[in-house]
Amino acid sequence: GQQLNQSPQSMFIQEGEDVSMNCTSSSIFNTWLWYKQDPGEGPVLLIALYKAGELTSNGRLTAQFGITRKDSFLNISASIPSDVGIYFCAGPATDSWGKLQFGAGTQVVVTP
Amino acid sequence: GAGVSQSPRYKVAKRGRDVALRCDSISGHVTLYWYRQTLGQGSEVLTYSQSDAQRDKSGRPSGRFSAERPERSVSTLKIQRTEQGDSAVYLCASSTTGGTSKNIQYFGAGTRLSVL
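Residues numbered from 1 in each chain as written. Chains lettered and ligands numbered in written order. Predicted model: local features only at pLDDT ≥ 70, side-chain atom pairs only at ≥ 80, totals over all residues. Heavy atoms only, no water.

1. Brief notes about the interface of chain B and chain A
- Taken together, the contacts link 25 residues of chain B with 23 residues of chain A.
- Together, the buried faces of chain B and chain A total about 1,900 Å²; carbon and sulfur atoms form 59% of this surface.
- Summed over the shared surface of chain B and chain A, the number is 0 salt bridges.
- Remark: the boundary between chain B and chain A carries 4 residue pairs in polar contact (both at pLDDT 80 or more).
- With 5 residues, strand β5 (residues 42–50) of chain B is the single largest residue contributor to the side of chain B that touches chain A.
- Here the side of chain B that touches chain A is composed, by residue class, of 8 nonpolar, 13 polar and 4 charged. (Contact = heavy atoms within 4.5 Å. Buried area = accessible area lost by both parts, 1.4 Å probe. Salt bridge = Lys/Arg side-chain N within 4 Å of Asp/Glu carboxyl O. Polar contact = N/O pair within 3.5 Å; in protein donor to acceptor, adjacent residues only side chain to side chain. Helix = DSSP H or I, 4+ residues; strand = E, 2+ residues; numbered from the N terminus. Nonpolar A, V, L, I, M, F, W, Y, C, P; charged D, E, K, R; others polar.)

Right, dumping it as structure tokens:
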């Protein structure tokens, strides 16, 4: 089945720095989703991408749908302490009903 | 309005016992999904259902996982004969549609299951 490889696994950054993470797949996805999960909570959708080459922003977050449809990037600019959490990329499996495949997550730690 | 709600938040079970986890989805959402999340491995789907029908009974690693949908916005994940490897966070998600087209899934906070 489709597998999502997410990197890096973790990032330790200083407040104000930019953060970049990416996801790659061996097969094509028609949708890329980026979620953030805080401790003790479920994943919350940050950005949804539906078209190859699409670049979408949500505040300080920017994500891009790779032109090959096999990758996606998420950037966080000027990080703040509340950006701490685990970020997941996800995409729907090719069968019906939209079951999501998830990357393993990128843990972001922001220090003051 | 209310989001996806899961109960209990924490569950401890003795190995070999059956457990049932509940999910109350967002009113009007059609499709319900159950995912298992383990540290460092992300999340994998266990089962899902559309409307009143359970769509997929299969689970990993065997058929010990099943979901019932007693009401349109309620799903119960049942795990039979729990094993220590079942210890994980179980996430429920619901969406307004099924399919892969702009199918936004909203997640509950999860149930953390510990099998002793």
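Next comes the rest of the account.
2. Looking at the sheet that holds strand β7 (residues 61–65) of chain A
All names here are of chain A.
- Reading across the sheet, the 5 strands line up as β1-β3-β8-β7-β6 and stay open at both edges, with antiparallel pairing between neighbours. The open sheet has two edge strands, β1 (4–7) and β6 (55–58), and neither has a second partner. Averaged over all neighbouring strand pairs, the angle between strand axes comes to 15 degrees, with direction disregarded. (Pairing = 2+ DSSP bridges. Axes fitted to C-alpha atoms, helices over the stretch in contact; angles between N-to-C directions.)

3. Details of the packing of aromatic side chains
- Per the stated rule, a full pass over the model turns up 9 aromatic pairs over all chains.
- A ring pair is formed by F29 of chain A and W32 of chain A, whose centres lie 5.1 Å apart and whose planes are at 45 degrees; its orientation type is tilted. One exposure class covers both F29 of chain A and W32 of chain A, and it is buried.
- Ring geometry for Y35 of chain B versus F107 of chain B: centroids 5.5 Å apart, planes at 45 degrees, classification tilted. Of this pair, Y35 of chain B sits in strand β4 (residues 31–38) while F107 of chain B sits in strand β10 (residues 106–107); the two residues are 72 residues apart in sequence, bridging distant segments of the chain.
- Taking the relative accessible area as the measure of exposure, Y35 of chain B reaches 0% and is therefore buried.
- Owing to a relative accessible area of 11%, F107 of chain B belongs among the buried residues under this scheme. (Phe/Tyr/Trp six-rings, centres within 6.5 Å; stacked < 30°, edge-to-face > 60°. Buried < 20%, exposed > 50% of the residue type's maximum accessible area, 1.4 Å probe, protein only.)

4. Here we look at the nonpolar core
- Counting 21 residues, the largest nonpolar core has M21, W32, W34 and L74 of chain A as the members making the most contacts within it.
- Not counting residues up to four positions away in its chain, the partners in contact with M21 of chain A are Q6, S7, P8, W34, S72, F73, L74, I76, Y87, T106 and V108 of chain A.
- With 18 residues, the next largest nonpolar core counts C23, L46, A67 and C92 of chain B among its residues. (Core = buried A, V, L, I, M, F, W, Y, C linked by side-chain atoms within 4.5 Å.)

5. Section: the pattern of salt bridges
- For the structure on display, the rule yields 8 salt bridges over all chains.
- The closest approach of N and O atoms between K36 of chain A and D38 of chain A, which form a salt bridge, is 3.2 Å.
- For R64 of chain B, the salt bridge identified is with E83 of chain B, shortest N-O distance 3.5 Å. Of this pair, R64 of chain B sits in the loop between β6 (53–54) and β7 (65–71) while E83 of chain B sits in the loop between β8 (74–79) and β9 (88–95), and the two are 19 residues apart along the sequence.
- In this structure R64 of chain B comes out as buried when scored by relative accessible area, which is 3%.
- The exposure class of E83 of chain B is partly exposed, given its relative accessible area of 36%.

The values are spatial; any link to function lies outside them.
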